[in-house]
Amino acid sequence: MRYAILSDIHGNLEALTAVMEKCRDLEIDKYIFLGDVVGYNGNPKECMDIIRSLDIAGAVKGNHDEYAANNDDVLESFNPHAKAAVLWTKSQLSLDDRAWLTNLPMRQTIKGAFVTIVHSTLDSPEAWGYIFDEHHAADNFAYQFTQLCFCGHSHVPVGFCKKPIAAQATRQIEELRAWTDPATPEMPRDFSVFDSVSVDLQTGYKYLLNVGSIGQPRNKDPRASFAVYDSNDKNVTRYRVPYDIAATQARIREVGLPERLAERLATGS
Ligand code: ZN
């Protein structure tokens with residue numbers, strides 16, 4: 001079975017469309033959604049319609065899904081720009097869309113796939129914390145009872161593995177450098193040389209993988225990021241997909257969302 005894992009789409013229709021085309025090429029069987037279908041970009045309704053039409057094996061709620069699904073009183077702590085953007089997103093969704101978002105679980109274990117999914121962290125998903133280093137990963141692994149866990153939220157692809165006790169390693173939890181982008185800040189980036197990275201799953205090891213963001217990447221590579229888990233071959237591959245950024249920026253300006261949201265897409269920041 002081949003699962004595509006989609007996260008942080010954020011109303012970016014062009015990026016989601018490009019990823020859907022890639023998924024057709026890859027002959028995906030089922031889809032896993034890690035949250036934040038809406039927020040930031042200008043086509044929340046269209047992205048909702050696409051996600052809801054998929055053959056979904058599992059789906060969890062993101063913080064932006066919660067903002068759009070909730071009553072307005074949760075927005076009191078927001079700055080005026082952020083509040084205006086959330087209210088605009090809400091105005092684009094139907095009551096049925098908002099009910100669908102409300103009913104998403106905070107975390108989910110997918111039966112038969114040995115996979116747990118969460119938007120932020122398994123240890124306290126409703127606190128919307130971020131996983132950036134081995135310490136955060138350790139907290140998450142304490143609540144991870146499947147070999148694989150997929151998360152999103154930071155929009156930065158990072159991966160960690162937890163070795164079996166029998167490995168007697170000095171470091172039980174280690175970052176998987178191969179999962180993040182190979183380019184370093186000192187290196188000129190030639191995006192044409194890298195469009196996927198893979199991790200082979202070893203028996204007895206646990207893996208925590210952030211799949212990156214489709215709709216607003218933040219690790220200096222502006223291309224959409226998503227992953228495919230092949231449960232027969234026991235590996236996970238993360239893909240980078242170029243899309244029509246100028247069209248997404250034009251839509252942001254057309255509907256009057258903040259200019260900064262358009263600019264950041266070009267630099268992946
Ligand atoms: Zn997000």
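For every chain, the first residue of the written sequence is number 1, and numbering continues from 1 onward in sequence order. The predicted origin of the model limits local features to residues at a pLDDT of at least 70 and limits the giving and counting of side-chain atom pairs to 80 or more, whereas totals for whole chains, interfaces and linings rest on all residues. The side-chain quantities take in all heavy atoms of the structure and omit both hydrogens and water.

Draft legend 1. Quick peek at the layout of surface pockets. Residues are said to line a cavity or pocket when one of their atoms sits within 4 Å of a point; the points come from a 1 Å grid over protein atoms alone, cavities being sets where a 1.4 Å probe fits but cannot get out and pockets being open sets with protein on both sides within 12 Å along at least five of seven lines. Grid points are joined across faces, edges and corners, and a volume is the space filled by probe spheres set on the points. For the largest pocket, the calculated volume is near 240 Å³. Around the largest pocket, the lining is made up of 16 residues, and of these Tyr-40, His-64, Ala-82, Ala-85 and Leu-261 lie nearest the centre. Comment: elements are numbered from the N terminus, with helices defined as DSSP H or I runs of at least four residues and strands as E runs of at least two. Elements represented by at least two residues in the lining of the largest pocket include exactly helix 3 (63-69), helix 4 (80-92) and helix 8 (259-267). Here the lining of the largest pocket takes five residues from helix 4, the largest share from any one element.

Draft legend 2. Local environment of the nonpolar core. Side-chain atoms within 4.5 Å are what join buried Ala, Val, Leu, Ile, Met, Phe, Trp, Tyr and Cys residues into a set we call a nonpolar core. Type-normalised accessible area, obtained with a 1.4 Å probe on protein chains alone, sets the label of each residue: buried when under 20%, exposed when over 50%, and partly exposed for intermediate values. In terms of nonpolar packing, the biggest core is built from 40 residues, with Leu-6, Ile-9, Val-19, Val-37, Ile-214 and Phe-226 touching the most fellow members. Per-element accounting of this core gives the leading share, six residues, to helix 1 (residues 13-25). One finds Ala-113, Val-115, Tyr-205 and Tyr-229 within the second-largest nonpolar core, a separate group that totals 23 residues.

Draft legend 3. Spatial organisation of the sheet that holds strand 7 (residues 159-162). Strand pairing requires that DSSP identify at least two bridges connecting the strands. Taken together, six strands build an open sheet; the order of strands is 4-5-6-10-7-8 and the sheet is mixed. Edge positions in the sheet fall to strand 4 (107-110) and strand 8 (173-175), since each of these pairs with one other strand and no more. Strand-to-strand twist in this sheet, taken as the mean axis angle between neighbours without regard to direction, amounts to 15°. Sitting on the sheet, helix 6 (residues 134-141) touches strand 6 (148-151), strand 7, strand 8 and strand 10 (206-210), and the angle it makes with strand 8 is about 130°. Here the axes come from fitting lines to C-alpha atoms, over the contacting stretch only for helices, and the angles between their N-to-C directions go from 0 to 180 degrees. Any pair of residues with heavy atoms lying within 4.5 Å of one another is described as a contacting pair.

Draft legend 4. Geometry of a negative patch on the surface. Taken together, the side chains of Glu-21, Asp-25, Glu-27 and Asp-29 make up a negatively charged region of the molecular surface. Among the secondary structure elements, Asp-25 is positioned in helix 1. The class for Asp-25 is exposed, based on a relative accessible area of 64%. Two distance rules govern patches: like charges are joined within 9 Å, and nonpolar side chains (Val, Leu, Ile, Met, Phe, Trp, Tyr) within 5 Å, applied only to residues with over 30% relative accessible area and no salt bridge. Each accessible area value is a Shrake-Rupley result obtained with a 1.4 Å probe; residue values ignore everything except the protein chains displayed when judging cover. Salt bridges are counted wherever a side-chain nitrogen of Lys or Arg sits within 4 Å of a carboxyl oxygen of Asp or Glu. Note that His is not counted, nor are the chain ends; the positive residues are Lys and Arg, and the negative ones are Asp and Glu. A single reference atom marks each charge: NZ on Lys, CZ on Arg, CG on Asp, CD on Glu.

Draft legend 5. Layout of unusual backbone geometry. In this structure, His-10 takes a positive phi of about 50° despite not being glycine. Its place among the elements puts His-10 in the loop between strand 1 (2-6) and helix 1. You can call His-10 buried: its relative accessible area is 0%. One non-glycine residue with positive phi stands out, namely Asp-36, at about 65°. Following the sequence through the fold, Asp-36 ends up in the loop between strand 2 (30-33) and helix 2 (44-53).

Draft legend 6. View of helix 5 (residues 95-102). Asp-97, Arg-98 and Leu-101 are the residues of helix 5 that are buried. For helix 5, the angular spread of the buried residues around the axis is 95°, confining them to a single face. Buried residues belonging to helix 5 abut helix 2, helix 3 and helix 4. Each direction from the helix axis to a C-beta atom contributes to the arc, which is the arc of those directions.

Draft legend 7. Structural view of the coordination of the zinc ion. Ligation of the zinc ion by protein atoms is provided by Asp-8 (OD), His-10 (NE2), Asp-36 (OD) and His-155 (NE2), these donors lying 2.0 to 2.5 Å from the ion. Distances decide who is a donor: an N, O or S atom must be within 2.8 Å of the metal, or within 3.2 Å for Na, K and Ca. Water is not included, so sites may look incomplete. Under this scheme a four-donor centre is tetrahedral when all angles range from 85 to 135 degrees, a four-donor centre is square planar and a six-donor centre octahedral when opposite donors are above 155 degrees with the rest from 65 to 115, and any other centre is irregular. One can describe the donor arrangement at the zinc ion as irregular, given that its four donor atoms subtend angles of 86 to 178° at the metal. Every donor residue of the zinc ion comes from the same chain, spaced as D-x1-H-x25-D-x118-H. Taken together, the positions of Asp-8 in the loop between strand 1 and helix 1 and Asp-36 in the loop between strand 2 and helix 2 put the pair 28 residues apart, joining distant regions of the chain. Judged on exposure class, the residue Asp-8 and its partner Asp-36 are both buried.

Draft legend 8. Up close: the pattern of salt bridges. Here the structure, examined in full by the defined rule, presents 14 salt bridges. One salt bridge connects Asp-96 with Arg-52, and the closest N-O pair in it is separated by 2.9 Å. Taken together, the residues Asp-96 in helix 5 and Arg-52 in helix 2 connect sequence positions 44 residues apart. Classification of Arg-52 by relative accessible area gives partly exposed; the value is 32%. Note that Arg-251 and Glu-254 form a salt bridge whose closest N and O atoms lie 3.1 Å from each other. In this pair, Arg-251 and Glu-254 are both assigned in helix 7 (residues 245-255), three residues apart and thus about one turn of the helix distant.

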